[in-house]
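Coordinates in review
One-letter residues, chain by chain:
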Amino acid sequence: MKKLLIVSHTPSTNTRALTGAVFMGASHADINGIDVRISQPLETGADEVLDADAIILGTTENFGYMSGAMKDFFDRIYYPCLEKTESLPFALFIRAGNDGLGAQSSIERITKGLAWKQVQEPLICQGSWRDSFLNPCEELGMTMAAGLEAGIF
């Protein structure tokens, strides 16, 4: 069974809803053979990343940057995962109050250093909360799980 790890910082009801939508999409009934797990960045270590076949990262935009919890996650897993997770497929979603570009670029710099493979365009849920953010998050999760199931990623 392939393993899809969702590492998402969820400090609010809204970010929990986005992460739940990603999980719901990744766990769709039509997708088989994928073990989907959600983990908070502060609770996720290198062993979970090393065990994953793909990863979805979710963060809030804080002061034009990724959340501190996500930065802490990368600080702890970077060297243990370096050269052991090359080409790990990943996708990214950001809950952004502004434009989300600072959070996106900081995560992409780190994942480039890890040599991970971004397999979907980043999803930036920008501006005031809208329920319309939920469908794209569900699609992101479903696309990642389906691609993993089909061996595309």
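The model shown is predicted, which means the values in this text are computed figures rather than measured ones.

**Considering the overall build of the protein**
- Secondary structure summary: the protein contains 5 helices and 7 strands in total.
- Listing every helix and strand of the protein by position from the N terminus yields β-α-β-α-β-β-α-β-α-β-β-α.
- A globule of 153 residues ought to have a C-alpha radius of gyration of about 15 Å, and the protein, at 14 Å, matches this closely.
- For the protein, the C-alpha atoms occupy an extent of roughly 40 × 35 × 25 Å along the three principal directions.

**Some words on helix 3 (residues 68-81)**
- Over its 14 residues, helix 3 extends 20 Å from the first C-alpha to the last, a length consistent with the 20 Å expected when each residue adds 1.5 Å.
- Buried residues of helix 3: Ala69, Met70, Phe73, Phe74, Ile77 and Cys81, and no others.
- Of the surrounding elements, those touching the buried residues of helix 3 are strand 1 (2-8), helix 2 (46-51), strand 3 (54-62), strand 4 (65-66) and helix 4 (101-114).
- In the stretch just after helix 3, Glu83 is the one whose phi turns positive, near 70°.

**A closer look at the packing of aromatic side chains**
- Taken as a whole and assessed by the stated rule, the structure comprises 5 aromatic pairs.
- Clustering of aromatic rings is evident, with ring pairs tying together Phe73, Phe74, Phe90 and Trp116.

**Observations regarding the side chain of His9**
- Mapping His9 onto the fold places it in the loop between strand 1 and helix 1 (13-26).
- Apart from residues no more than four positions distant in its own chain, His9 is found in contact with Thr15, Gln40, Pro41, Gly58, Thr60, Ser67 and Ala69.

**What to know about the pairing of strand 1**
- Within strand 1, 5 of the 7 residues are buried, which leaves the element mostly enclosed by the surrounding structure.
- In the sheet, strand 1 pairs with strand 2 (residues 34-39) via 6 bridges, with the strands oriented parallel. The residue bridging Val7 from the neighbouring strand is Ser39, located in strand 2.
- Traced from strand 1 through helix 1 to strand 2, the parallel crossover comes out right-handed.
- Note: strand 1 against strand 3, 5 bridges, orientation parallel.

**Concerning the side chain of Thr10**
- Mapped onto the secondary structure, Thr10 falls in the loop between strand 1 and helix 1.
- Of note is the side chain of Thr10, whose polar atom sits 2.6 Å from the side chain of Gln40.
- The residues contacting Thr10, other than those within four sequence positions of it, are Thr15, Arg16, Thr19 and Gln40.

**Side note on the pattern of salt bridges**
- Across all of its chains, the model carries 3 salt bridges by this definition.
- Here Lys71 ties to Asp75 by a salt bridge, and the two come within 2.6 Å at their closest N and O atoms. One end of the pair is Lys71 and the other is Asp75, both in helix 3 and 4 residues apart, which spans about a single turn.
- Taking relative accessible area as the criterion, Asp75 reaches 48% and is therefore assigned partly exposed.

**Concerning unusual backbone geometry**
- Of note in this structure, Ser87 is not a glycine but carries a positive phi near 70°.
- For Ser87, the position within the fold is in the loop between helix 3 and strand 5 (89-96).
- Not every positive phi belongs to a glycine, and Ala115 is a case in point at roughly 65°.
- Here Ala115 shows up in the loop between helix 4 and strand 6 (117-118).

**Details of the packing of helix 1 against helix 5 (residues 134-150)**
- Where helix 1 contacts helix 5, the two axes come as close as 6 Å, and the packing angle between them is 40°. When the axes of helix 1 and helix 5 are compared, the pair comes out oblique. Here the hand of the crossing between helix 1 and helix 5 comes out right-handed. Two secondary-structure elements touch here, helix 1 through Ala17, Leu18, Ala21, Val22, Met24, Gly25 and Ala26 and helix 5 through Leu134, Cys137, Glu138, Leu140, Gly141, Met142 and Ala145.

Each value, and the rule that gives it
- Residues numbered from 1 in each chain as written.
- Predicted model: local features only at pLDDT ≥ 70, side-chain atom pairs only at ≥ 80, totals over all residues.
- Heavy atoms only, no water.
- Helix = DSSP H or I, 4+ residues; strand = E, 2+ residues; numbered from the N terminus.
- Rg over C-alpha atoms; globule rule 2.2 N^0.38 Å.
- Expected span 1.5 Å × (residues − 1).
- Buried < 20%, exposed > 50% of the residue type's maximum accessible area, 1.4 Å probe, protein only.
- Contact = heavy atoms within 4.5 Å.
- Phe/Tyr/Trp six-rings, centres within 6.5 Å; stacked < 30°, edge-to-face > 60°.
- Pairing = 2+ DSSP bridges.
- Right-handed = clockwise from strand over helix to strand, strands pointing away.
- Polar contact = N/O pair within 3.5 Å; in protein donor to acceptor, adjacent residues only side chain to side chain.
- Salt bridge = Lys/Arg side-chain N within 4 Å of Asp/Glu carboxyl O.
- Axes fitted to C-alpha atoms, helices over the stretch in contact; angles between N-to-C directions.
- Parallel < 35°, antiparallel > 145°, perpendicular 65-115°, else oblique.
- Left-handed = near helix turned anticlockwise from the far one by under 90°.

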